[in-house]
Each structure stands twice: as structure tokens, then as C-alpha cells.
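Analysis of the macromolecular model
Chain by chain, the residues run as shown.
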Amino acid sequence: PGTMAPEAARGDVEAVDERSDVYSLGALLYQVLTRRLPFTFTDFSDYATRVANEIAPDARERDPEVPASLAELCARCLAREPAARPAGAEEVAEAVRTWQRNAAREREEEIRRLREAAVRTQERLARRRSLQRVAVVAVLTIAVMAVVSSLILEDRRRAAELARSEAVRARHRAEELMGFLVH
């Protein structure tokens, strides 16, 4: 009885029509979306009273994850007055198909946004890695230049030391030669 339309629950056989089936379809959709029937009840009499006097709780109150358009469709299907419900099951099916198309478009858009974000992140990481490589090459270049400069300076120092030693020896030889000539 948890999916029975109010007119069927009160026994109004003449009022039962395709919109009564829409009510039942809405109750099933509600149950699929929220994992609960719209009304809790202890027996048929309790159900008949609730369905006749209460408005079904919004599906999003029971489960905030329920898409708004499907919660609204449930509310329309579960309207107490048959005239407020969709005309037939085809109208309900079309509303569900529309939701599916829109949801698919939203998922595709989200996937596109995530892919673009991933590409931007990869580009940023590639630039960072490129800058890191440039920095490493620069540091290595400076290190090599420092070593080469050190070697060049050491070579020049040795050459200067050698030249000074040669000059000192030459002066000593010259002094010896002068001393020899003077005596």
C-alpha cells in the first residue's frame, strides 16, 4: 500500500486513472532515490490517513544528494490532487530522460574541466621541471667555471713561482759571475 495514490487508498474507484499510476510511479521513484517510501505507516488505515492528509516530505530532506530536478518530479508525482500530477507515465519518463541528458552533459563538462585542470597542472609542473633543469645547468656551469678558473690561477701562480725562481737563480749566477770577475 505504500505506493497507492490517495484516491485509491480512500476507495474512490471512479477517481482512479492514469494519474493514480503516476502517483505510484512517483512513490517508487522516491523510494529509489531516498531508499524509503514517502510515508511511514503501521497498517493500511494509517497509510490511508497519512496519504490523504499529509504532503510527502521533499526527497532532498531525506537525502540531500537527490538531484533537485528529480526531487521536484517526485513532488509533482506525489501531489495529493490528481490534476497537479503529470498526465501520464510518458511525461514522467520524458522528465527522467531529460534529467539523464542534463546529468550526462554536466558530467561531460565536469570531466572536461578536470582534464583542462590536469593539463594546466602538467604544464605548470613541466615549466617548473624546466626551470629546475636550467638552474641545475647554471649551477654546474658555475662550478665548472670555478674549477677551470682555479686551475688557470694555479697554473699562472706556478708559472710566476717558476719565473721568480729562475730570476733568483739568474741573479745568483750573475752575482757569482760578478764576484768572480771582481776578484
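Preceding block: the structure.
The following paragraphs examine the structure supplied in this document. (Residues numbered from 1 in each chain as written. Predicted model: local features only at pLDDT ≥ 70, side-chain atom pairs only at ≥ 80, totals over all residues. Heavy atoms only, no water.)

Focus on unusual backbone geometry
At Arg35, a position not held by glycine, the phi torsion is positive, near 65 degrees. Along the polypeptide, Arg35 turns up in the loop between α2 (18–34) and α3 (44–53). A relative accessible area of 62% means that Arg35 is categorised as exposed. (Helix = DSSP H or I, 4+ residues; strand = E, 2+ residues; numbered from the N terminus. Buried < 20%, exposed > 50% of the residue type's maximum accessible area, 1.4 Å probe, protein only.)

Quick word on a nonpolar patch on the surface
Taken together, the side chains of Leu177, Met178, Phe180, Leu181 and Val182 make up a nonpolar region of the molecular surface, amounting to roughly 600 Å² of accessible area. Among the secondary structure elements, Met178 is positioned in helix α6 (residues 89–182). When its relative accessible area of 51% is taken as the criterion, Met178 is described as exposed. (Patch = residues over 30% accessible without salt bridge, like charges linked within 9 Å, V, L, I, M, F, W, Y side chains within 5 Å. Areas by Shrake-Rupley, 256 points an atom, 1.4 Å probe, with all protein chains shown as cover. Salt bridge = Lys/Arg side-chain N within 4 Å of Asp/Glu carboxyl O.)

Quick look at the nonpolar core
Side chains of nonpolar character tend, in soluble globular proteins, to be buried together. Judged by nonpolar contacts, the single largest core of 22 residues is most densely connected at Tyr23, Leu33, Phe39, Tyr47, Val51, Leu73 and Leu78. For this core, the elements supplying multiple residues, two or more each, are α2, α3 and α5 (68–77). No other element matches the six residues that α2 contributes to this core. With near-sequence residues (within four places) excluded, Phe39 lies in contact with Tyr23, Tyr47, Arg50, Val51, Glu54, Ile55 and Ala56. (Core = buried A, V, L, I, M, F, W, Y, C linked by side-chain atoms within 4.5 Å. Contact = heavy atoms within 4.5 Å.)

Here's the deal with α3
Side chains three or four residues apart in an α-helix point the same way, a direct result of the helix having 3.6 residues per turn. For α3, the full list of buried residues reads Tyr47, Ala48 and Val51. All buried residues of α3 fall inside an arc of 100 degrees around its axis, so they share one side. Against the buried residues of α3 lie α1 (6–9) and α2. Capping the start of α3, Asp43 holds a side-chain oxygen 3.2 Å from the backbone nitrogen of Ser45, two or three residues further along. (Arc of directions from axis to C-beta. Polar contact = N/O pair within 3.5 Å; in protein donor to acceptor, adjacent residues only side chain to side chain.)

Quick word on the pattern of salt bridges
Should their charged atoms come close, side chains of opposite charge can pair. Evaluation of the coordinates by the stated rule reveals 19 salt bridges. Two residues, Glu109 and Arg112, come together in a salt bridge whose shortest N-O distance is 2.1 Å. Of this pair, Glu109 and Arg112 both sit in helix α6, three residues apart, roughly one helical turn. Exposure remark for Glu109: the relative accessible area of 30% places this residue in the partly exposed category. Note on Arg112: relative accessible area 35%, which makes it partly exposed. Connected through shared salt-bridge partners, Glu109, Glu110, Arg112, Arg113 and Glu116 make up one network.

Section: the packing of aromatic side chains
Under the criterion given, the structure shown has two aromatic pairs. Their ring planes at 75 degrees and their centres at 6.5 Å tell us that Phe39 and Tyr47 sit as a pair that is edge-to-face. On the basis of relative accessibility, which here comes to 5%, the residue Phe39 falls in the buried class. Ring geometry for Phe41 and Tyr47: centres 5.0 Å apart, planes at 65 degrees, overall edge-to-face. For Phe41, a relative accessible area of 27% translates into the label partly exposed. Given the relative accessible area of 0%, Tyr47 is considered buried. Members of the aromatic cluster, joined through ring pairs, are Phe39, Phe41 and Tyr47. (Phe/Tyr/Trp six-rings, centres within 6.5 Å; stacked < 30°, edge-to-face > 60°.)

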